[in-house]
Amino acid sequence: MAKGNLISGNIWEEYSQKVQNAMNAPKNMGEITEEDAKALGCKLIVADHGAESCGDAVRLYWAVDETTDIIKDSKFKSFGCGTAIASSDYMAELCKGKTVDQAVKITNIDVEKAMRDDPDIPAVPPQKMHCSVMAYDVIKAAAASYKGVDPDHFEDEIIVCECARVSLGTIKEVIRLNDLTTVEEITQYTKAGAFCKSCIKPGGHEKREYYLVDILAEVRSEMEAERMKAIADAKISGSGVDSDLSFEELTVVKQLKAVEAIIDEHVRPMLEMDGGNMEILDIKSEESRIDIYIRYLGACSGCASGSTGTLYAIENILQESLSPNIRVIPV
Amino acid sequence: MKVYLDNNATTMIDPEALELMLPFLGEKFGNPNSLHSYGSQTHPALRKALDQLYTGINAADNDDIVITGCATESNNWVLKGIYFDKILKGDKKRIVTTTVEHPAIGATCAFLESLGVEITKVDVNNQGIITADDLRNVMSDDVALVSVMWANNETGMIFPIKELASVAHEFGALFHTDAVQAVGKIPVDVQDANVDFLSFSGHKFHAPKGVGALYIKNSIPLTSLLHGGEHMGGRRSGTLNVAGIVAMGQALENANKFLAFEQSHVGRLRNKLEDALLSLPDITVVGDRANRVPNTILASIKGVEGEAMLWDLNQAGIAASTGSACASEDLESNPIMEAIGADSELAHTALRLSLSRFNTEEEIDYTIEKIKHAVHRLRSISSSYAYAPEWHKSGL
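Residues numbered from 1 in each chain as written. Chains lettered and ligands numbered in written order. Predicted model: local features only at pLDDT ≥ 70, side-chain atom pairs only at ≥ 80, totals over all residues. Heavy atoms only, no water.

## Here's the deal with the overall build of chain B
Consideration 1: Broken down by element type, chain B carries 15 helices and twelve strands.
Consideration 2: At 22 Å, chain B has a C-alpha radius of gyration in line with the 21 Å of a compact globule built from 396 residues.
Consideration 3: Each principal axis of the C-alpha atoms in chain B carries an extent, and together these give about 70 × 55 × 35 Å.
Consideration 4: When contacts within chain B are restricted to residue pairs at least 6 apart in sequence, those whose partners lie at least 24 apart make up 72%.
Consideration 5: Counting only carbon and sulfur atoms, one obtains 53% of the accessible surface of chain B, whose full area is about 15,100 Å².
Consideration 6: Within chain B, one finds 33 positive and 49 negative side-chain charges whose respective centroids are separated by 2 Å. (Helix = DSSP H or I, 4+ residues; strand = E, 2+ residues; numbered from the N terminus. Rg over C-alpha atoms; globule rule 2.2 N^0.38 Å. Contact = heavy atoms within 4.5 Å. Areas by Shrake-Rupley, 256 points an atom, 1.4 Å probe, with all protein chains shown as cover. Lys, Arg positive; Asp, Glu negative; His and termini not counted. Charge placed at Lys NZ, Arg CZ, Asp CG, Glu CD.)

## Notes on the environment of M134(A)
All names here are of chain A.
Consideration 1: By secondary structure assignment, the location of M134 is in helix α7 (residues 133-147).
Consideration 2: As for M134 and E162, which are separated by 28 residues in sequence, their C-alpha atoms are 9.5 Å apart.
Consideration 3: Once residues lying within four places of it in the same chain are set aside, the contact partners of M134 are H49, G50, D56, A57 and V58.

## A short note on the interface of chain B and chain A
It is common to report an interface's size as the accessible area lost on association of the parts.
Consideration 1: Contact residues are listed per partner, giving 30 residues for chain B and 34 residues for chain A.
Consideration 2: On inspection of chain B and its partner chain A, the count reaches zero salt bridges.
Consideration 3: At the boundary of chain B and chain A, one finds eleven residue pairs in polar contact (both at pLDDT 80 or more).
Consideration 4: Here the side of chain B that touches chain A gets six residues from one element, more than from any other, and that element is helix α11 (residues 306-315) of chain B.
Consideration 5: For the side of chain B that touches chain A, the per-class residue count stands at eleven nonpolar, eleven polar and eight charged. (Salt bridge = Lys/Arg side-chain N within 4 Å of Asp/Glu carboxyl O. Polar contact = N/O pair within 3.5 Å; in protein donor to acceptor, adjacent residues only side chain to side chain. Nonpolar A, V, L, I, M, F, W, Y, C, P; charged D, E, K, R; others polar.)

## Examining the environment of E262(B)
Residue and element names in this part refer to chain B.
Consideration 1: On the secondary structure map, E262 appears in helix α10 (residues 259-278).
Consideration 2: On the basis of relative accessibility, which here comes to 5%, the residue E262 falls in the buried class.
Consideration 3: Taking C-alpha positions, E262 is 9.6 Å from L355, a pair spaced 93 residues apart along the chain.
Consideration 4: What E262 contacts, discounting residues up to four positions off in sequence, is G184, K185, G267, P294, N295 and R357. (Buried < 20%, exposed > 50% of the residue type's maximum accessible area, 1.4 Å probe, protein only.)

## As for the pairing of strand β2 (residues 64-68) of chain B
Consideration 1: β2(B) sits mainly inside the fold: five of its five residues count as buried.
Consideration 2: Here β2(B) shows a buried face lined by D64(B), V66(B) and T68(B) and a second buried face lined by I65(B) and I67(B).

## A few points about the sheet that holds strand β12 (residues 350-354) of chain B
All names here are of chain B.
Consideration 1: Read from one edge to the other, the open sheet built from three strands follows the order β9-β10-β12, with strand pairing classed as antiparallel. Either end of the sheet is taken by a strand with one partner, and the two such strands are β9 (283-285) and β12. With strand direction ignored, the average angle separating the axes of adjacent strands in the sheet is 25°.
Consideration 2: The sheet contacts of α10 involve β9, β10 (296-301) and β12, and relative to β10 the element is tilted by about 10°. (Pairing = 2+ DSSP bridges. Axes fitted to C-alpha atoms, helices over the stretch in contact; angles between N-to-C directions.)

## Some remarks on the UniProt feature "domain: BFD-like [2Fe-2S]-binding" (unreviewed entry) in chain A
Consideration 1: If you check UniProt for "domain: BFD-like [2Fe-2S]-binding" (unreviewed entry), the listed places come out as residues 159-201 of chain A in our numbering.
Consideration 2: Regarding residues 159-201 of chain A, the helix share stands at 44% and the strand share at 12%, and the terminal C-alpha atoms are separated by 15 Å. (UniProt positions renumbered as here; feature names shortened; annotations may be inferred.)

## A look at the packing of α10(B) against helix α14 (residues 361-381) of chain B
Residues and elements named next belong to chain B.
Consideration 1: With their axes 10 Å apart at the nearest point, α10 and α14 run at an angle of 15° to one another. With respect to their mutual orientation, α10 and α14 come out roughly parallel. Relative to α14, the crossing made by α10 is right-handed. Across the interface between the two elements, R268, L269, K272, L273, A276 and L277 from α10 touch E361, I364, D365, T367, I368, I371 and K372 from α14. (Parallel < 35°, antiparallel > 145°, perpendicular 65-115°, else oblique. Left-handed = near helix turned anticlockwise from the far one by under 90°.)

So this is what it looks like as structure tokens:
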């Protein structure tokens, strides 16, 4: 909530002049009859989408030239608010002259952009974006009818944000790939939730089947479960050092290997220069402390600094490299 | 021509009330709680306004009419006050209300529910009201408060408040009514109806916005919503909106003077408009005329989406309202239409026309002409209505 949200405005004041004109006098409103289509040498396609009980319904008529698949004429009828009427009018206009395959690619965003007076200023306020979606959906229905396929043929994904046409799969993928943790980040990456905001959480402009907050929670929960499983797997297998795991999370075998590696690289060469050596006897974890039991070999056995300087040096190296909780105990 | 037919949303200020309040926005600006002459010069007008309010709803001297900011505040105060006084401290646990209350009741009940209060909502019948028997069926001794609106904001249907209050009292519950759509339109007598609390808002009967009141019978204890001072006898803190109160008193007095005119003139114009609507095919109006406030029509116009209708009417200079909420914050269709069991298709086609005593015959004639034109135009665009061949036969 901020200053701009405290007083709501009249949404009609945010309609472009093109939207207003189309609401008052839609150019492509009407029907195409069988006779009209025949006169054009075309096949008549009639498609419906939505229902009056849902508050929006649109019927699209196409006259399609079957030899070229080109839509020669396109008209609509619409039960809906002014935005629904205007966007249906522009949608019908955009279909004209296109092949059916080209028409299927017209999105509600294309329709909204076509209705702008200024390319940089939206034609309708954000909460009205969903009204242009009906126009998008009915094209799919018309194309499906023409091609004799199921409308799902053109839409095999679940759409979460109707306004920005963002699918469930895309949202899940973006959360995973970019390790997103907030809905605002999802909107930044995908534009889902940027318009009418209905898909963000329940209680918005319209009811949705999927909400971004739930998807985010579900994916984050899956990601956390996967992380925990990876840790468990790593502990069980004991093979390969997983860089995501802390020293404490490793199995004893992997801890031993890690300590050996550090000793080989940084400690043993130092001891061998003086004719000495060491071996690791055991590793024991108790609460947050990890005790590493060692035995000095060669010249190091009985050396006075084995319990002072040399011991501190070994302990420091292991603490810095692996864990601050390590304590080295010479036996 | 410009015609205002959205009087259930808000009303123009009564010119006499406007004139009376102006000095209190100008030279008579003193805080009525101040001891100096600036403060004391407001007292006579405040006393007169309070007298007008007491007379306006027939409150007794030992009752309180506490000035609030609006009926929403009054409604919140009653429900939350009952929560603190009767539910938290006592052994009662339920609040009973209806499914068609204004959100000021509905949303507040939802909030109290989140705090553990049991809320029972009684469904309305096909006339959009509940009867005494409907209420009795859900009552028991654990009910702290019954809250039922006096008249519905969308349909204008009048609830049997006196009978409902009586049922509530049988079970030892207090009774509140949100009378925001009744005061100034029909006789409202708190003693005859025997209600314990009654909310109203000035701007619904030609007073300015930002001033309302809560009637509290015989000083019933009710924890205050606003603490911080001794205004209104300590019941509601906040420096008094003197200009608003003065205007509200006069507006209520005037509205009550015009009650008979409301029934005769406004009722006749409303009926004329309603008859003209019903002369068109596939239009229904919710609720019997005889049991409605005289200014309201809630019509459903098949094949015409509510906001599209508002757009066309607005283009013609006519202000109306719709519960078909494409134009509002959420997309749910008109809840009262759903509540009375109307076809869900019709619920998206609701148009509310609400008149006032300032509407003229000429305005109504103009509106009838423009509505007919809009219905015809929008049905010719409508994909759902195109399937009804009888429309084309009607010749409109």
